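A structural walkthrough
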Amino acid sequence: MSTNSDGLSGIVRRVIPLVSALALAGAVTVSLARPAEGTPPNGVPALQAVREIEQLEYCYAAGTDAIGRGDLATGKQIYSRCFTPDAPVLIWEAGAAPDDPPVVSVPSAEAWADFIDVLFADSGYVGTQHLISNVRVDILPGGNRAKITSYLIATHVYDPLSSVQVAHGTYENEAVRTPSGWKLSKRTFRTLSFMRVDSPAP
């Protein structure tokens, strides 16, 4: 019995010449992809604004993971760079209906830092990793406010070799332009799933 050891890379190598031939023959139109959602950049200032707003998502992840490894002071310092002082944080649990109230609601990023510091410790996590992707930015009319949507895969580690808790969901956030740059003014998270994953016993 023969097996195909090429895997995905082999498939790609075979498909690219075919697509190229079809394109030359006029059977396939090849064009550059455009973002499906978000504000289309219109000149350098808009491009810079979108990039700065995107960085707020990663700033949040860095602050949260500093707290996840037990460094609350660094987490708060990072949060201060990406949040306005009075930005609320709201969380909806997995399975919640669209009109259900949030299961967590805190009035500021500093309060959120204190909340998750206790939550992570009480849960027994020894570390966390928040992976944020699919960031879409919509700059609102006037150019000083924006809405941000992004996806999350968060890993909360009980034991690096055997046990984690994994969360998936969607952030729906707001940002404002301030004298010191763009800042998050509201952060919400709608949980899609939340589950513990343990490796089989040896």
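Residues numbered from 1 in each chain as written. Predicted model: local features only at pLDDT ≥ 70, side-chain atom pairs only at ≥ 80, totals over all residues. Heavy atoms only, no water.

**Notes on the state of the cysteines**
Tallied over the full model, the rule gives one disulfide. One disulfide bridge connects Cys59 with Cys82, the sulfur atoms lying 2.5 Å from each other. Residues Cys59 and Cys82 are joined by a disulfide whose S-S torsion is about -75°; by sign, that bridge is left-handed. Taken as a pair, Cys59 in helix α2 (residues 44-68) and Cys82 in helix α3 (residues 72-82) lie far apart in primary sequence, 23 residues in all. Across the pair, Cys82 and Cys59 agree in class, each one buried. (Disulfide = S-S within 2.5 Å. Helix = DSSP H or I, 4+ residues; strand = E, 2+ residues; numbered from the N terminus. Buried < 20%, exposed > 50% of the residue type's maximum accessible area, 1.4 Å probe, protein only.)

**A short note on the packing of α2 against helix α4 (residues 109-123)**
Where α2 meets α4, the closest approach of the two axes is 9 Å, and the angle between their N-to-C directions is 40°. With respect to α4, the axis of α2 lies oblique. When you trace α2 past α4, the crossing you get is right-handed. On α4, the residues that touch Tyr60, Thr64, Ile67 and Gly68 of α2 are Trp112, Ala113, Ile116, Asp117 and Phe120. (Axes fitted to C-alpha atoms, helices over the stretch in contact; angles between N-to-C directions. Parallel < 35°, antiparallel > 145°, perpendicular 65-115°, else oblique. Left-handed = near helix turned anticlockwise from the far one by under 90°. Contact = heavy atoms within 4.5 Å.)

**Structural notes on the pairing of strand β6 (residues 181-198)**
With four bridges joining them, strand β1 (residues 89-92) and β6 adopt parallel strand pairing. Bridged to Trp92 within β6 is Arg190. From the end of strand β5 (residues 163-178) to the start of β6, which pair antiparallel, there are two residues. (Pairing = 2+ DSSP bridges.)

**What about α2?**
Over its 25 residues, α2 extends 36 Å from the first C-alpha to the last, a length consistent with the 36 Å expected when each residue adds 1.5 Å. Downstream of α2 by a residue or two, Gly70 has a phi angle that is positive, lying close to 95°. (Expected span 1.5 Å × (residues − 1).)

**Regarding the packing of aromatic side chains**
Scanning the model with the defined rule gives eight aromatic pairs in all. Their ring planes at 5° and their centres at 5.7 Å tell us that Tyr60 and Tyr79 sit as a pair that is stacked. Of the two residues, Tyr60 is situated in helix α2 and Tyr79 in helix α3; the sequence distance between them amounts to 19 residues. Classification of Tyr60 as buried rests on a relative accessible area of 3%. With relative accessibility at 2%, the residue Tyr79 sits in the buried group. Summarising the aromatic geometry, the rings of Tyr60 and Phe83 are spaced 6.1 Å apart at their centres and angled 70° between planes, so their arrangement reads as edge-to-face. Note that Tyr60 is positioned in helix α2 and Phe83 in the loop between α3 and β1, a separation of 23 residues in sequence. Taken together, Tyr60, Tyr79, Phe83, Tyr171 and Phe189 form an aromatic cluster joined through their ring pairs. Here the basic side chain of Arg136 rests over the ring of Tyr151, its NZ or CZ set 4.9 Å away from the ring centre. (Phe/Tyr/Trp six-rings, centres within 6.5 Å; stacked < 30°, edge-to-face > 60°. Lys NZ or Arg CZ within 6 Å of the ring centre and 35° of its normal.)

**Points about the sheet that holds β1**
Overall, mixed pairing links the six strands, which are arranged β2-β1-β6-β5-β4-β3 in an open sheet. For this open sheet the edge positions go to β2 (104-106) and β3 (127-139), each flanked by a neighbour on one side alone. If you compare each strand with its neighbour and ignore which way they point, the axes differ by 15° on average. Contacting β3, β4 (145-159), β5 and β6, α2 crosses the sheet at an angle of about 160° to β3. Contacts from α4 reach β1, β2, β3 and β4 within the one sheet, and its direction differs from that of β2 by about 140°.

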